[in-house]
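Spelled out from the first residue to the last, the chains are:
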Amino acid sequence: MSMPAPLAEVVSDFAEVEGQDKLKLLLEFADDLPALPAGLEEAVQHAQRQFQIVRGRQRYAYQLRLRRELLAWTNSALRLPIDAYSVPPR
């Protein structure tokens with residue numbers, strides 16, 4: 001399968017640069033892209049909102065898991081015999 005000429009030029013340019021220059025080149029290409037049609041722009045915004053919702057739920061689940069682990073650790077630490085909390089004699 002052959003590549004369209006404009007894409008082949010991008011691939012060739014990208015292969016010639018290294019490191020941070022690749023990022024700069026990609027950003028330049030992104031700046032030259034045409035704007036999205038209105039319908040796609042709305043779809044992108046919807047996808048971004050959904051992503052934020054999912055990230056928020058993941059963050060909340062992570063916080064709950066940390067709280068449960070801290071509670072479990074605290075409960076196990078409190079069940080130690082009283083001697084575990086005392087300072088050994090010198």
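Refer to the preceding data block for the structure.
Just so it is clear, the structure is predicted and the values come from calculations on it, not from any experiment.

Asker: Whenever I open this one, the overall build of the protein confuses me. Can you help?
Answerer: A count of helices and strands for the protein gives three helices and zero strands. Within the protein, the proportion of its 90 residues that are buried is 2%.

Asker: Quick question: what am I supposed to make of the environment of valine 17 here?
Answerer: Take valine 17: it is sitting in the loop between helix H1 (5-16) and helix H2 (20-32). The class for valine 17 is partly exposed, based on a relative accessible area of 22%. Aside from chain neighbours lying at most four places away, what touches valine 17 is Lys22 and Leu25.

Asker: Where do I start with the packing of aromatic side chains in this structure?
Answerer: The geometry of an aromatic ring pair is captured by the separation of the ring centres together with the interplanar angle, meaning the angle of the planes. Applying the stated criterion across every chain yields a total of zero aromatic pairs. Between the NZ or CZ atom of lysine 22 and the centre of the ring of phenylalanine 14, over which it lies, the distance is 4.6 Å.

Asker: How should a nonpolar patch on the surface be read in this particular structure?
Answerer: On the surface, a nonpolar cluster with roughly 250 Å² of combined accessible area is contributed by Met3, Leu7 and Val11. Note on placement: leucine 7 falls in helix H1.

Asker: Help me understand the packing of H1 against H2, please; the structure alone is not making it clear to me.
Answerer: When two helices pack together, their arrangement is given by the angle between the helix axes and by the axis-to-axis distance. Their axes nearest at 9 Å, the elements H1 and H2 cross at an angle of 155°. Taken together, the axis directions place H1 and H2 in an arrangement best described as roughly antiparallel. Taken as a pair, H1 and H2 cross one another with a handedness that is right-handed. Within the contact between the two elements, H1 uses Val10, Asp13 and Phe14 and H2 uses Lys22, Leu25, Leu26 and Phe29. Partitioning the contact of H1 with H2 into residue classes produces five nonpolar, no polar and two charged.

Definitions and limits used
Residues numbered from 1 in each chain as written. Predicted model: local features only at pLDDT ≥ 70, side-chain atom pairs only at ≥ 80, totals over all residues. Heavy atoms only, no water. Helix = DSSP H or I, 4+ residues; strand = E, 2+ residues; numbered from the N terminus. Buried < 20%, exposed > 50% of the residue type's maximum accessible area, 1.4 Å probe, protein only. Contact = heavy atoms within 4.5 Å. Phe/Tyr/Trp six-rings, centres within 6.5 Å; stacked < 30°, edge-to-face > 60°. Lys NZ or Arg CZ within 6 Å of the ring centre and 35° of its normal. Patch = residues over 30% accessible without salt bridge, like charges linked within 9 Å, V, L, I, M, F, W, Y side chains within 5 Å. Areas by Shrake-Rupley, 256 points an atom, 1.4 Å probe, with all protein chains shown as cover. Salt bridge = Lys/Arg side-chain N within 4 Å of Asp/Glu carboxyl O. Axes fitted to C-alpha atoms, helices over the stretch in contact; angles between N-to-C directions. Parallel < 35°, antiparallel > 145°, perpendicular 65-115°, else oblique. Left-handed = near helix turned anticlockwise from the far one by under 90°. Nonpolar A, V, L, I, M, F, W, Y, C, P; charged D, E, K, R; others polar.

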